[in-house]
Amino acid sequence: MRDNTSSDSHDVVSRAETGLDRDVFFRRMLRELAGTIEAIVGVEEASGYVAAVGAAMGDWLNAAYHAEMGPDDFDLRTVAAIFVDIKRRLDGGFYLVSVEPRRIILGNSRCPFGEHVSGRMSLCMMTSNVFGRIAADNLGYARVQLRETIAQGNAECRVVVHLVPRADVEPDEREYFRLPDDQHA
């Protein structure tokens, strides 16, 4: 004999509009993980943990684009296009503001983490490190500045990837240098 109550409950539950899918679950999980780390060790230390993951992701993404497009270093315009393409594939709203020999300026109207990034500045280290690793490993050097971020409550992000070293680094900037091939993960 079959339990109809169980079947009816399953139907009701499976039709519930919770908004839950794998993407929402993982974004929320990352938000909660970042928030927990920020609460325990502070935003600066949490940013360091996310930065380490971001560096590994940057190496992985750089290798993926090289596997498809060839082993030679990418030029300035290609690096800029890769930044936008990565974020497009992650459902971000990144776009190029300008590409100049000394810097790449990007805007962003939609964070890949969605609304889950609000108040979680440490998650911005993912963008900083992915962009920094790719730029440094192809162009020799990068200094990423997060001028405005959705995580801080700005309407859009403004990210500047400086390509020329400077003696003084601002507090909202992080430097990246080309790594020897044997140091990539």
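Whatever comes next refers back to the structure up there.
Residues numbered from 1 in each chain as written. Predicted model: local features only at pLDDT ≥ 70, side-chain atom pairs only at ≥ 80, totals over all residues. Heavy atoms only, no water.

What about the nonpolar core?
Keep this limit in mind: What is meant by a nonpolar core is a set of buried Ala, Val, Leu, Ile, Met, Phe, Trp, Tyr and Cys residues, joined one to another through side-chain atoms within 4.5 Å. Burial classes follow relative accessibility: with a 1.4 Å probe on protein chains only, a residue under 20% of its type's maximum area counts as buried, one over 50% as exposed, and anything between as partly exposed. A run of H or I in DSSP becomes a helix once it reaches four residues, and a run of E becomes a strand once it reaches two; helices and strands are each numbered from the N terminus. Throughout, a contact is declared for two residues whenever any of their heavy atoms are within 4.5 Å.
In terms of nonpolar packing, the biggest core is built from 37 residues, with Phe83, Ile104, Phe131, Ile134 and Val161 touching the most fellow members. Elements with a minimum of two residues in this core: helix H3 (43–69), helix H4 (76–89), strand S1 (94–100), strand S2 (103–108), helix H5 (124–139), strand S3 (141–148) and strand S4 (157–162). It is H5 that contributes the most residues to this core, eight residues altogether. What Phe131 contacts, discounting residues up to four positions off in sequence, is Phe83, Lys87, Phe94, Leu106, Val159 and Val161.

A look at a nonpolar patch on the surface
Note the threshold: Every patch collects residues that have over 30% relative accessible area and no salt bridge, joining them within 9 Å if they carry like charges and within 5 Å if they are nonpolar side chains (Val, Leu, Ile, Met, Phe, Trp, Tyr). Method for areas: the Shrake-Rupley scheme with a 1.4 Å probe, in which residue coverage is limited to the protein chains shown. Salt bridges, as used here, are contacts in which a Lys or Arg side-chain nitrogen is within 4 Å of a carboxyl oxygen on Asp or Glu.
Among the surface-exposed residues, Leu20, Val24, Phe25, Phe26 and Met29 lie close enough to one another that they form a single nonpolar patch of about 460 Å² accessible area. Mapping Phe26 onto the fold places it in helix H2 (residues 22–41).

Some words on the packing of H3 against H4
Condition: Angles shown run from 0 to 180 degrees and are taken between the N-to-C directions of axes, each axis being a line fitted to C-alpha atoms and, for helices, limited to the stretch in contact. For this classification, under 35 degrees means roughly parallel, over 145 means roughly antiparallel, 65 to 115 means roughly perpendicular, and everything else is oblique. Working rule for handedness: look at the near helix, and if it is turned counterclockwise from the far one by less than a right angle, call the crossing left-handed; if clockwise, right-handed. The nonpolar class holds Ala, Val, Leu, Ile, Met, Phe, Trp, Tyr, Cys and Pro. Asp, Glu, Lys and Arg form the charged class, and all remaining residues, Gly among them, are polar.
As a packed pair, H3 and H4 sit with axes 12 Å apart at the nearest point and diverge in direction by 110 degrees. If you check the angle between H3 and H4, you find them roughly perpendicular. Considering only the axes of H3 and H4, their crossing is right-handed. Residue-level inspection shows Leu61, Tyr65 and Met69 of H3 in contact with H4, the latter providing Thr78, Ile82, Asp85, Ile86 and Arg89. Considering only residue class, the contact of H3 with H4 consists of five nonpolar, one polar and two charged.

Some thoughts on the pairing of S1
Side-chain positions along a regular strand alternate between the two faces of the sheet. Put simply, the rule reads: Two strands pair under a simple rule: DSSP has to find at least two bridges between them.
Of the pairings in the sheet, the one linking S1 to S2 comprises six bridges and is antiparallel in character. The residue of S2 that forms the bridge with Leu96 is Leu106. A loop of two residues connects S1 with S2, the two strands running antiparallel in sequence.

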